[in-house]
Amino acid sequence: MITMNYIVSFFLIALGLYTIVTKYNLIKTVVGMCVMDYGVNLLIISIGYNPGGTVPIFTAGELNAASYFVDPIPQALTLTSIVIGACVTAMSLALVIRIEESYGTLDTREIRRLRG
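Read on for a plain summary of the structure. (Residues numbered from 1 in each chain as written. Predicted model: local features only at pLDDT ≥ 70, side-chain atom pairs only at ≥ 80, totals over all residues. Heavy atoms only, no water.)

Regarding the pattern of salt bridges
Overall, the coordinates contain 3 salt bridges when judged by the stated rule. With its nearest N and O atoms 3.3 Å apart, the salt bridge here joins Arg 98 to Glu 101. On the criterion of helical spacing, the pair formed by Arg 98 and Glu 101 is a turn pair, its members being 3 residues apart in helix 3 (residues 72-103). Of the two residues, Arg 98 and Glu 101, both sit in the exposed class. In this structure, Asp 107 and Arg 109 form a salt bridge, with 3.4 Å as the shortest nitrogen-oxygen distance. Take Asp 107: its relative accessible area is 23%, and that puts it in the partly exposed class. (Salt bridge = Lys/Arg side-chain N within 4 Å of Asp/Glu carboxyl O. Helix = DSSP H or I, 4+ residues; strand = E, 2+ residues; numbered from the N terminus. Buried < 20%, exposed > 50% of the residue type's maximum accessible area, 1.4 Å probe, protein only.)

Section: the packing of helix 1 (residues 2-22) against helix 2 (residues 26-48)
Contact pair helix 1 / helix 2: the axes reach a minimum separation of 7 Å and the direction vectors enclose 160 degrees. Looking at the two axes, helix 1 sits roughly antiparallel to helix 2. When the axes of helix 1 and helix 2 are compared, the crossing they make is left-handed. Partitioning the contact of helix 1 with helix 2 into residue classes produces 17 nonpolar, 8 polar and 1 charged. (Axes fitted to C-alpha atoms, helices over the stretch in contact; angles between N-to-C directions. Parallel < 35°, antiparallel > 145°, perpendicular 65-115°, else oblique. Left-handed = near helix turned anticlockwise from the far one by under 90°. Nonpolar A, V, L, I, M, F, W, Y, C, P; charged D, E, K, R; others polar.)

Re the side chain of Ser 92
If you trace the backbone, Ser 92 turns up in helix 3. Assessed through its relative accessible area of 15%, Ser 92 is described here as buried. Here the side chain of Ser 92 touches Val 88 through a polar contact of 2.8 Å, landing on its backbone oxygen. (Polar contact = N/O pair within 3.5 Å; in protein donor to acceptor, adjacent residues only side chain to side chain.)

Shape descriptors only; they carry no functional weight alone.
Below is the structure:
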C-alpha cells in the first residue's frame, strides 16, 4: 500500500510540473503549482510512515527496543507546508487577478508580447 503512495505522489509531482511548463494560462499554472504541492505533501507523509507504528507518546516504562513509532517530524513539516501552500496559492491568484486587470488576458505569450 505504501508503494502506491509513492507512485501517486510522483505522478502528482510530474503532472504539476508538466502543467506549469506546458500551459500558457496563468490559472492553469497556479493549479499546477497546487497539484505539485499536494504531491510533495503526500511524499513527505509517506516517507514518515512506519508500518505497525504507534503514536510517539509514551512513558519511561512503556519504551523498549521493540517499540515502533511513527515519526512526527514529517507530519509537522507537512502541516507547515499546507499552510504555506495555501498562502502561496492565495498570493498567486491575487497576482493573476491584477495581471488580468492590467493586460486584459491570462495568456503568458500575449502578456510577453504586450510587454515588449
